[in-house]
Amino acid sequence: MAIQSKLSRFDLTMLIVSFVIGIGIFQTPALVAEKAGTPAIFYSAWILGGIISLFGALTFAEIGARLPVAGGYYKIFSQCYHPAFAFMLNWAVVITNAGSAVGVALVGSNYIAPVIVPLNWQHIISAKLIAASVLAIIFGFNYLGIKMGSRVQNVLSMLKIAMILCLCLAVFGSKNPIPNTNVMPAGISPLEALGMSLISIFFTFGGYWNTVNLGADIQNPKRNIPLGIFSGIAIVITLYLLINIAYCQVLGFDKLKTTQLPAAELARTFFGDYGFKAISIIVFCSVLGFINSSFMHNPRVYYAMAEDKVLPSFFKEVNEETQTQEFGLSFFFILTAISIYFFSSFKRIVNYVEFIDTLSLVFAAGAIFILRRQKSGLEYDGYKVFFYPIVPILFILVQAWACVSVFVSDVNSALAGMVIFICGFPLYHLLRRVL
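The structure presented is a predicted model; accordingly, all values stated were derived computationally and were not measured.

This part covers the overall build of the chain. A tally of regular secondary structure across the chain gives 17 helices and zero strands. When burial is assessed residue by residue, the chain has 59% of its 435 residues classed as buried. In the chain, of all internal contacts separated by at least 6 residues, the share reaching a separation of at least 24 is 84%. Put simply, the chain shows about 17100 Å² of open surface, and 67% of that area lies on carbon and sulfur atoms.

Take a look at the structure:
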């Protein structure tokens, strides 16, 4: 059965907020501060990351409007490059997306565990157990239907926006900003520090491109995909800049470098112990929003791959009433459950995920040139990216730089991602023979 469009522009905007704002902004500023070394590089990296992410959003707004289909992130590569290359990248992306969801769930569990788990039970109820429970609950909600998933998403997205704005109020209570030292990491040039900082920042800004996977679910996609992306990414950039100012003003840049849970520490500093607990709960709700969005869009990639007959046909079976891909959704849940046992370090997950993400984004954004050439003789009345081709070219160059930075900073994690990518080639040909 074909997928029916049930998501509005508001649904899409809230989805983008949760695609992007997972746990990263509550965790990665400490990693960025450590790599940046100085406040100047720290702020420069966040501003550059926001600008480049906006360029990426503009680029994918046109790509999504030109390919308003289910599993559009797969279709980009299949239509513009080659089905084998499309399978290899999306096979790797879907696996790393499962790892990303697990990484977010683990950090969220670290936030909520001190609040809900009695002290004498904390050695029994681990973060992994809480994360597994969260994944199972979100899976259950999405099994009830795509519209149910979007309703849950809207509530969680609005909650996280309100929570970040509350955290930013701490700036107004900080009358004496803490002085900072300007110490670069040993043996690292400012340009290298900027490049390594962007790894975590792009992870924190990432996810908006997943909108193209829901092209068939969105009402009036040629209009609503661009507008939804613009409004969603504008909200994210504003919130990120505000909360990073709050981190540095209230905690101090030097303390931020060594803080395990900066959002919770910010809340404790400004609101006291009660605020620490309250913010931990709300951050956990933000985690739920990110994971929920992952369960909404990843099965649509399987749908597109099954349409191209590189996955078995049961991956594209859709429940007529709920619009749920029951098998595809269950498969993604199994991937997340398996990933829990392989990853325990958020920092390692960032590098593992970001290498594949940046590699795929370089080629995905490059598809805009191919799509324009393919459609050059046809009428197209949808959105076109501003300042073409400068905007997509700048986005591609910076993503390529970040990809190289990931490889240099963590060779093992990058190689793990590359192995998964390469393994997709024989698997593609095996599935083509069997199906």
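Now that the structure has been shown, the text picks up again.
With that settled, the discussion passes to the packing of helix α4 (residues 72-80) against helix α5 (residues 83-116). Closest axis-to-axis distance for the α4/α5 pair is 7 Å, and the angle between their directions is 150°. By the angle class used here, α4 and α5 are roughly antiparallel. Taken as a pair, α4 and α5 cross one another with a handedness that is right-handed. When α4 is examined against α5, the residues Y73, Y74, F77 and S78 are found in contact with a partner set consisting of P83, F85, A86, F87, L89, N90 and V93. A breakdown of the residues in the contact of α4 with α5 according to their chemical character gives nine nonpolar, two polar and no charged.

The next thing to look at is the pattern of salt bridges. Throughout the structure, instances matching the rule amount to five salt bridges. A salt bridge links D308 to K75; its shortest N-O distance comes to 3.0 Å. Here the residue D308 occupies a position in the loop between α13 (273-307) and α14 (326-340), and K75 occupies one in helix α4, the gap between them amounting to 233 residues. One network of salt bridges, with partners in common, ties together E62, R66 and R372.

All right, on to the nonpolar core then. Within the largest apolar cluster, 147 residues are counted, with the highest numbers of intra-cluster contacts made by F26, F60, Y73 and I76. Broken down by element, the residue count for this core peaks at 19 residues, all from α5. Setting aside residues no more than four positions away along its own chain, F60 makes contact with Y73, I76, Y208, W209, V212, I229, L361, A364, A365 and F395.

This part takes up the packing of aromatic side chains. Counted under the stated rule, the structure contains 29 aromatic pairs. Here the aromatic rings of F87 and Y428 are separated by 5.9 Å at their centres, their planes lie at 50°, and the arrangement is tilted. On the criterion of sequence distance, the pair formed by F87 in helix α5 and Y428 in helix α17 (residues 411-434) is long-range, its members being 341 residues apart. On the basis of relative accessible area, F87 is assigned to the buried category, the value being 1%. In this structure an aromatic cluster arises from ring pairing among F42, Y43, W46, F205, Y240 and F253. A cation over an aromatic ring shows up here: R372 above the ring of Y388, its NZ or CZ 3.7 Å from the ring centre.

Between Y388 and the following residue, P389, the backbone shows a cis peptide bond with an omega angle of 5°. Counting through the fold element by element, P389 comes out in the loop between α15 (346-374) and α16 (390-409). Despite not being glycine, K309 shows a phi value in the positive range, around 60°. The exposure class assigned to K309 is exposed, which follows from its relative accessible area of 57%. The backbone of F387 shows a phi angle near 55°, a positive value even though the residue is not glycine. Within the secondary structure, F387 is located in the loop between α15 and α16.

For helix α1 (residues 9-20), built from twelve residues, the straight-helix expectation of 16 Å at 1.5 Å per residue is met to within 8% by its first-to-last C-alpha distance of 17 Å. Of all twelve residues that make up α1, ten are buried, and the element is covered over most of its length. Taken together, the buried residues of α1 touch α7 (146-168), α9 (190-205), α10 (221-251) and α13.

What follows is about the confidence of the model for the chain. Looking at the chain, the pLDDT average stands at 79 and 90% of residues meet or exceed 70. Confidence, read as mean pLDDT per element, is least for helix α8 (residues 170-173) in the chain (67) and greatest for helix α3 (residues 39-66) (86).

One can describe the packing of helix α2 (residues 24-36) onto α9 by two numbers: an axis separation of 9 Å at closest approach and a directional angle of 175°. Judged by the angle between their axes, α2 and α9 are roughly antiparallel. The residues of α9 that touch α2, namely those facing G24, I25, T28, L31, V32, K35 and A36, are A193, M196, S197, I199, S200, I201, F203 and T204. Residues that form the contact of α2 with α9 fall into these classes: nine nonpolar, five polar and one charged.

The next subject is the environment of S189. Counting through the fold element by element, S189 comes out in the loop between α8 and α9. With relative accessibility at 30%, the residue S189 sits in the partly exposed group.

Criteria and thresholds
- Positions within a chain are numbered from 1, following the residues in the order the chain's sequence is written.
- The predicted origin of the model limits local features to residues at a pLDDT of at least 70 and limits the giving and counting of side-chain atom pairs to 80 or more, whereas totals for whole chains, interfaces and linings rest on all residues.
- For the side-chain quantities, the full set of heavy atoms in the structure was used; hydrogens and water were omitted.
- Helix and strand assignments follow DSSP, with helices taken as H or I runs no shorter than four residues and strands as E runs no shorter than two, numbered in order from the N terminus.
- The classification of residues rests on relative accessible area computed with a 1.4 Å probe and restricted to protein chains. Under 20% of the type maximum is buried, over 50% is exposed, and intermediate values are partly exposed.
- What makes two residues a contact is simply this: any of their non-hydrogen atoms within 4.5 Å.
- Method for areas: the Shrake-Rupley scheme with a 1.4 Å probe, in which residue coverage is limited to the protein chains shown.
- Under this scheme, a helix contributes an axis fitted over its contacting stretch, all axes are lines through C-alpha atoms, and angles between N-to-C directions fall in the 0 to 180 degree range.
- Under this scheme an angle from 65 to 115 degrees is roughly perpendicular, one under 35 degrees roughly parallel, and one over 145 degrees roughly antiparallel; angles in between are oblique.
- By convention, the crossing between two helices is left-handed when the near helix turns anticlockwise from the far helix through less than a right angle, and right-handed when the turn is clockwise.
- Here the term charged refers only to Asp, Glu, Lys and Arg, the term nonpolar to Ala, Val, Leu, Ile, Met, Phe, Trp, Tyr, Cys and Pro, and the term polar to all other amino acids, Gly among them.
- Salt bridge, as applied in this entry: a Lys or Arg side-chain nitrogen positioned within 4 Å of an Asp or Glu carboxyl oxygen.
- Among the buried residues, those of types Ala, Val, Leu, Ile, Met, Phe, Trp, Tyr and Cys that are joined through side-chain atoms within 4.5 Å form a nonpolar core.
- Two rings belonging to Phe, Tyr or Trp (six-membered ring only in the last case) form a pair when the distance between their centres is within 6.5 Å. Interplanar angles under 30 degrees mark stacking, angles over 60 mark edge-to-face geometry, and anything in between is tilted.
- Only when the NZ atom of a Lys or the CZ atom of an Arg is both within 6 Å of the ring centre and within 35 degrees of the ring normal do we say a charge sits over the ring.
- Here, expected helix span is obtained from the residue count minus one, scaled by 1.5 Å.
- The predictor rates its confidence in each residue with pLDDT, a number between 0 and 100.

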